[in-house]
Amino acid sequence: MTEEKIVKDDLIVAMEYSLTVDGEVIDSSEGREPLEFLQGKGNIIPGLEREMLGMKIGESKDVTVKPEDGYGIADETAFMEIPTNQFPENIPMEVGIELQVQNEEGQPAYARIEEIENNIALLNFNHPLAGKELLFAVKVIDIREASEEELAHGHVHHEGHEH
Ligand code: ZN
């Protein structure tokens, strides 16, 4: 008799999922291959990874992930006001536009234009999902052993894909 496969650390899990935020489905594996990840290596957000443990093939689950176990709590100080005339001309000055910028240490950072008033753009450096509760609907499609290489790298290798 073979032991029934359940999700454990260091196994590769294939799952179908959908992610709902503020009542809207913002991401889903529908129409695509199931998402494969290596359990226990932080390949998926912590609040979901924890809930996957012990799931069986074919099992479905709804998981609510609090902001602190998801994309973090929105940082009230992660905003910056910049006059619109200081942006390169090819960047449209519209609310919702996402930009790659440099932070104070010269590292690349992403920011979103949150508001424009009196020719001043308010940039928001928070992740778009920071502060949001995430509702995942997941279904485990397959569970398999990870190869030594996958374990060493800490992520899934797909066929014909080496790095
Ligand atoms: Zn790799």
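None of the values given here were measured: they were computed from a predicted structure. (Residues numbered from 1 in each chain as written. Predicted model: local features only at pLDDT ≥ 70, side-chain atom pairs only at ≥ 80, totals over all residues. Heavy atoms only, no water.)

Further remarks concern the coordination of the zinc ion. Protein-derived coordination of the zinc ion comes from His153 (ND1), His155 (NE2) and His157 (NE2), at a distance range of 2.0 to 2.1 Å. As a motif over one chain, the donors of the zinc ion read H-x1-H-x1-H. Assessed through its relative accessible area of 26%, His155 is described here as partly exposed. (Donors = N, O, S within 2.8 Å, 3.2 Å for Na, K, Ca; no water. Buried < 20%, exposed > 50% of the residue type's maximum accessible area, 1.4 Å probe, protein only.)

Taken as a whole, the largest pocket holds about 180 Å³ of empty space. What lines the largest pocket is Met15, Tyr17, Leu19, Ile26, Asp27, Leu35, Ile44, Ile45, Leu48, Tyr71 and Phe136. Elements with a contribution of two residues or more to the lining of the largest pocket: strand S1 (11-21) and strand S2 (24-28). The dominant element in the lining of the largest pocket, judged by the number of residues it contributes, is S1, at three residues. For the lining of the largest pocket, a count of residues per class yields ten nonpolar, no polar and one charged. (1 Å grid on protein atoms, 1.4 Å probe; cavity = no way out; pocket = protein on both sides within 12 Å on 5 of 7 lines; lining within 4 Å. Points joined across faces, edges and corners; volume = space filled by probe spheres on them. Helix = DSSP H or I, 4+ residues; strand = E, 2+ residues; numbered from the N terminus. Nonpolar A, V, L, I, M, F, W, Y, C, P; charged D, E, K, R; others polar.)

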